[in-house]
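So you can see what is in the structure, the chains are spelled out below.
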Amino acid sequence: MLLTPGPLSTSKTVKAAMLRDWCTWDDDYNLNIVQSIRNRLLVLAEASPENYTTVLMQGSGTFSVESVIGSSVPHNGHLLVISNGAYGKRIAQIADKLRIKHTLLENPEIQRPNLSKIETILQKEKDITHIAVVHCETTTGILNPIEEIAALAKSYDKTMIVDAMSSFGGIPIEVEEWGIDFIISSANKCIQGVPGFGFIIARREELQKCKEIARSLALDLFDQWESMEKGNGKWRFTSPTHVVRAFAQALDELDAEGGIENRFIRYATSQRLLVNGMRNLGFTALLPDMVQSPIITSFFAPDWPNYNFNTFYHRLKEKGFVIYPGKVSEIETFRIGNIGEVYNEDIKNLLHAIKQIFF
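Residues numbered from 1 in each chain as written. Predicted model: local features only at pLDDT ≥ 70, side-chain atom pairs only at ≥ 80, totals over all residues. Heavy atoms only, no water.

Enquirer: With reference to specific residues and values, describe the pairing of strand E10 (residues 296-300).
Expert: The element E10 is largely enclosed, with a buried count of four among its five residues. Alignment of E10 against strand E12 (residues 333-337), held across five bridges, turns out to be antiparallel. Its bridge partner lying in E12, Phe300 is registered against Thr333. (Buried < 20%, exposed > 50% of the residue type's maximum accessible area, 1.4 Å probe, protein only. Helix = DSSP H or I, 4+ residues; strand = E, 2+ residues; numbered from the N terminus. Pairing = 2+ DSSP bridges.)

Enquirer: If you had to explain the layout of surface pockets to someone new, which residues and values would you point to?
Expert: In this model, the largest pocket occupies a volume close to 430 Å³. Lining the largest pocket are 28 residues, and of these Thr62, Tyr87, Arg90, Met165 and Lys189 sit closest to its centre. Counting only elements with at least two residues in the lining of the largest pocket, the list comes to helix H3 (61-72), helix H4 (86-97) and strand E5 (136-137). Broken down by element, the residue count for the lining of the largest pocket peaks at four residues, all from H4. When its residues are assigned to classes, the lining of the largest pocket shows twelve nonpolar, ten polar and six charged. (1 Å grid on protein atoms, 1.4 Å probe; cavity = no way out; pocket = protein on both sides within 12 Å on 5 of 7 lines; lining within 4 Å. Points joined across faces, edges and corners; volume = space filled by probe spheres on them. Nonpolar A, V, L, I, M, F, W, Y, C, P; charged D, E, K, R; others polar.)

Enquirer: Residue-level account of the side chain of Thr140, with values.
Expert: Mapped onto the elements, Thr140 comes out in the loop between E5 and strand E6 (142-143). Residues in contact with Thr140, not counting those within four places in the same chain, are Glu109, Leu286, Leu287, Ile296, Thr297, Ser298 and Val328. (Contact = heavy atoms within 4.5 Å.)

Enquirer: I'd love a proper account of the packing of helix H5 (residues 115-124) against helix H6 (residues 146-155), names of residues and values included.
Expert: Closest axis-to-axis distance for the H5/H6 pair is 11 Å, and the angle between their directions is 20 degrees. Judged by the angle between their axes, H5 and H6 are roughly parallel. Considering the relative orientation of H5 and H6, their crossing is right-handed. Touching Leu115, Ile118, Glu119 and Leu122 of H5 are Glu148, Ile149 and Leu152, all from H6. Classifying every residue of the contact of H5 with H6 by side-chain character gives five nonpolar, no polar and two charged. (Axes fitted to C-alpha atoms, helices over the stretch in contact; angles between N-to-C directions. Parallel < 35°, antiparallel > 145°, perpendicular 65-115°, else oblique. Left-handed = near helix turned anticlockwise from the far one by under 90°.)

From the geometry alone we can't say anything about function, so treat these as descriptive.
Given below as structure tokens:
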């Protein structure tokens, strides 16, 4: 069982969906599967098809993030990157690699971004055109206030980009109501599919501005969208057909669970069960409950003579559980995710396994 922020444990039926081969030119594939996925994602985002559209992009989630950054920020643009972890910094790395002018506002990894500091930068650096922020920063598990940041972006007439890689599908997000222009996620996160492509839900008006901006052929967001629009779901280059079909099955299973609201309840319930159980075993969570996401939780490495992460990891793996090492830069931690095909009973079994290892 993968207790990670993605790839994650998937259902047997999602895996089984990949047993059939598909042709990328086939109408049953493009019209009935790809186009259906694009439309269903808009519903999950609470975004109207009149104002928003969906683009699917081959590769990992970072490919889709780079596609948006490299295609939406014009050559005379200026990107403000708001970061409190490794994935916010990765956006800045992308901008640096693409030679896009950017300002990096770094916040402590265990604190939410300071809205007043963001506003001060917007007042001072008036040439900023775009703002990018990670919703759930899985470096720690912190949940950032994207609704408030988006409101600030709109008040200063900036384009708002949200990396919702580890939150979309597991936490309700009102994309249109909150004024988000681009929101990015991946097949192998809260929708509970498998790795192979990401997706971008974009405001049509902003996406139209992306024409001929892209710094990459393969990651040209506008060209990818135009191909899908004109070709009724046709990808420009070979699409990950098995992964796409598995994703369609995962969407069916999300619907059967009762949608994002019910999945959020399951994730949140599992996360509280995990934290309470770990506290009873003597572990301490890195973040206070009020800023903690229901996606992944960081725990301080205990100061115990019998604790060594590598040993802990391998003994847990022998018992059927895979966790994540810490990613916080200055504090020794480890991380446990609870998204995917994971239920309360699984968390109880994990806690029992940890108790057996240490006590």
